[in-house]
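Per-entry structural report
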Amino acid sequence: MKSPIIKKINYVFIVESHNDLDMIVPLIWKFSTDEYANVIIINTSPGFLSVNDPRIAFILKNPSVKYIEMPKDFKFLDDISGYIYSKMKIGYFHRKYLNSTLGYSQKKFEKIPISKNLTTVVFVSYFLDHKAVKAAFSWANKYNFIKVFNNHGITPFVVDKTKPDTYLIAPEFDICILTKNSAKNFPNLNYQKTKKIYAAPRFSKEWCDRLSEIYPEKLIDLKKKKFRPTFMLSKWLIKDDKEMILSAIKKVSEMKDTEITVKPHTRGMVLNEPLPSNVQIVGEEFHSRKIIQESDVIIFTRSSIFLDAILLNKPVIHLSYATSVDLASDALNSCKTYSHQDLVAKLNIIKLSNQIYSSEDRKKCINFYAGDNYDNMLNNIHNEIKLSVKKFNK
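My aim in this report is to walk through the structure given alongside it, one point at a time. (Residues numbered from 1 in each chain as written. Predicted model: local features only at pLDDT ≥ 70, side-chain atom pairs only at ≥ 80, totals over all residues. Heavy atoms only, no water.)

**Overview of the overall build of the protein chain**
So the rule is basically this: Starting at the N terminus, helices and strands are each numbered in turn, a helix being any DSSP run of H or I of at least four residues and a strand any DSSP run of E of at least two. The buried label applies to any residue whose accessible area, calculated with a 1.4 Å probe on protein chains only, is under 20% of its type's maximum; exposed applies above 50%, and partly exposed to all values in between. In what follows, residue pairs with any heavy atoms lying within 4.5 Å of each other are defined as contacts. Computed by Shrake-Rupley with a 1.4 Å probe, the accessible areas treat only the displayed protein chains as cover when residues are assessed.
Each helix and strand in the protein chain was counted, giving 14 helices and twelve strands. When each of the 394 residues of the protein chain is scored for burial, the buried share is 53%. Summarising the internal contacts of the protein chain: among those between residues at least 6 apart in sequence, 70% fall at separations of at least 24. Working note: accessible area of the protein chain is about 19200 Å², and carbon and sulfur atoms make up 53% of it.

The structure is reproduced here in structure tokens:
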């Protein structure tokens, strides 16, 4: 008796920025290991991302993965506007007005070389306020494709239930991948037929190990080694005290034999303020994993990247006094600081003993933010999506 023919499934991943690539690339890699998967990466921001990105280059070592660059319609206008406003150091206006106006025609998605007769799953990381998602969603609806939302962050802070992000237009996704705390922030995702998978692929054990291959740790000459704190900044908005954070950077720079790295937020954050000579501002070309590996401690307010440091057993410090939000889990209470003096005191403890949280705190933190089954997370997500696809096809 002949064995039944198993049809392949198309998995189309829409990528817009460094931020969402970090969160979705573990799924791209996992599905690329499935012999019954056709994996297609759609890069909708070729001006920011390219095949030279180490994460994309790693995935493309698998020759079966297709990679397509899809620039915006009238991209030259976007490029001109972005250049002018960046020179004027008011990039916010470009992002808010022209950048948000230019979009993607559905015709571009129609040209994606896939068999529409096969079951197709489309992954996005944002909502309909993003032009790429809006066009991809219309295309997916036309052919009755399965639509998956993979959240681009983990929402590390306490969510104010009285002020959820209701302004975000959430379409009716078939599957949502996000943490339980993030779900509180997105009430529009409570579509009754939506399958929820509570996980954060970016912080799975499997992908953590892959990142160590992609960004191998650099050996440091201990004789020349200085103390290296890194500030991972979030967008200021109204939640972080910009002046207090800049003051904290300057205060830490006064510590003996210290070299500071400052990593602005990945989505166009500009930092023009004068800082001491031992403070280095790094751009998007420096991946957070590489920075964390070469740092002695990660200092943050609302950035999800602190969890990457926890996975690597690096010390972290929360600038509790410079932000209006509190961490959603009490696992890192020992890492909170309440003044410049408290910050410097904890940094001195780290210089001496290298750690300020316990192994129990670390485990509790990973379970809360990444998910209970961190060791087998990607396998679970892969299996759950394939099971859901079978149910949709019945």
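**A few points about the pairing of strand β3 (residues 66-69)**
Filter applied, for reference: When DSSP finds at least two bridges between two strands, those strands are taken to pair. Crossovers are marked right-handed if the path from the first strand over the helix to the second runs clockwise, as seen with the strands pointing away from the viewer.
One ladder, built from four bridges, connects strand β2 (residues 37-43) with β3; its direction is parallel. In the strand pairing of β3, N43 is matched with E69. On the question of chirality, the crossover connecting β2 to the parallel β3 by way of helix α2 (residues 54-59) is right-handed.

**Topic: the sheet that holds strand β12 (residues 316-318)**
Applicable threshold: Convention adopted: a line fitted to C-alpha atoms gives each axis, helices being fitted over their contacting stretch, and angles between N-to-C directions are expressed from 0 to 180 degrees.
Here five strands make up an open sheet; going across it, the order is β10-β9-β8-β11-β12 and the pairing parallel. Pairing within the sheet leaves two strands with one partner each, and these edge strands are β10 (279-281) and β12. With direction set aside, neighbouring strand axes in the sheet form an average angle of 20°. Two strands pair when backbone bridges link them, and strand β11 (residues 297-300) and β12 are joined in this way by three bridges, in the parallel orientation. Within β12, the residue paired with I299 across the bridge is I317.

**Focus: helix α9 (residues 242-253)**
Heads up, the condition is: The span one expects for a helix is its residue count, reduced by one, times 1.5 Å. Picture the helix axis, draw a direction to every C-beta atom, and the arc is the one those directions span. In the analysis that follows, any N or O atom pair within 3.5 Å is treated as a polar contact, provided that within protein one partner can donate a hydrogen and the other can accept it, and provided that, for residues neighboring in sequence, both atoms belong to side chains.
Taking 1.5 Å as the rise per residue, α9 with twelve residues should run 16 Å; its terminal C-alpha atoms sit 17 Å apart, in good agreement. If you check which residues of α9 are buried, you get I245, L246, A248, I249, V252 and S253. Taken around the axis of α9, the buried residues stretch over an arc of 155°, which confines them to a single face. Against β8 (229-232), β9 (260-263), β10 and α12 (340-353) lie the buried residues of α9. Where α9 begins, the side chain of D241 points an oxygen toward the backbone nitrogen of E243, at a separation of 3.3 Å.

**Let's talk about the packing of aromatic side chains**
The relation between two aromatic rings is expressed through the spacing of the ring centres and the mutual angle of the planes. Test applied: Two rings from Phe, Tyr or Trp (for Trp, the six-membered ring) form a pair when their centres are within 6.5 Å of each other. A pair whose planes differ by under 30 degrees is stacked, one over 60 is edge-to-face, and the rest are tilted. Two thresholds decide whether a charge sits over a ring: the Lys NZ or Arg CZ must be within 6 Å of the ring centre and within 35 degrees of the ring normal.
Throughout the structure, instances matching the rule amount to 17 aromatic pairs. For the pair Y11 and F123, a centre-to-centre distance of 6.4 Å together with 45° between the ring planes defines the contact as tilted. Note that Y11 is positioned in strand β1 (residues 9-15) and F123 in strand β4 (residues 120-124), a separation of 112 residues in sequence. Neither Y11 nor F123 differs from the other in exposure class; each is buried. For the cation-ring pair, K116 lies above Y143, with the distance from its terminal atom to the ring centre recorded as 5.4 Å. When the ring centre of Y198 is taken as origin, the NZ or CZ atom of K180, which lies over that ring, is 5.7 Å away.

**Some points on the pattern of salt bridges**
Worth spelling out the cut-off: Any Lys or Arg side-chain nitrogen located within 4 Å of an Asp or Glu carboxyl oxygen qualifies as a salt bridge.
Here the structure, examined in full by the defined rule, presents 21 salt bridges. Where R55 meets D53, a salt bridge forms, and the shortest distance between an N and an O atom there is 2.7 Å. The network of salt bridges with common partners includes D22, D53, R55, R202, R289 and D308.

**Observations concerning the sheet that holds β3**
The parallel open sheet is built from seven strands, whose spatial order is β3-β2-β1-β4-β5-β6-β7. For this open sheet the edge positions go to β3 and β7 (195-198), each flanked by a neighbour on one side alone. Across the sheet, the axes of successive neighbouring strands diverge by a mean angle of 20°, strand direction being ignored. As judged from the seven bridges shared by β1 and β2, these two strands associate in the parallel manner. Bridge pairing in β2 places Y11 opposite V39. Against the sheet, helix α1 (residues 18-32) engages β1, β2, β4, β5 (146-150) and β6 (175-178), with an angle of about 165° to β1.

**Concerning unusual backbone geometry**
In this structure, N144 is a non-glycine residue whose phi angle is positive, near 60°. With respect to the helices, strands and loops of the structure, N144 is situated in the loop between α6 (131-142) and β5. Classification of N144 by relative accessible area gives exposed; the value is 68%.

**Let's talk about the nonpolar core**
Defined as follows: Note on terminology: a nonpolar core comprises buried Ala, Val, Leu, Ile, Met, Phe, Trp, Tyr and Cys residues joined through side-chain atoms within 4.5 Å.
Of all hydrophobic cores here, the largest spans 90 residues; its most connected members are F123, F231, L307 and I385. By residue number, the principal contributor to this core is α1, which donates eight residues. Ignoring sequence-local partners within four residues, the contact set of F231 consists of A248, I249, V252, I260, T261, V262, K263, I299 and L319. Grouped together as the second largest cluster of nonpolar side chains are 28 residues, F109, W139, A140 and L178 included.

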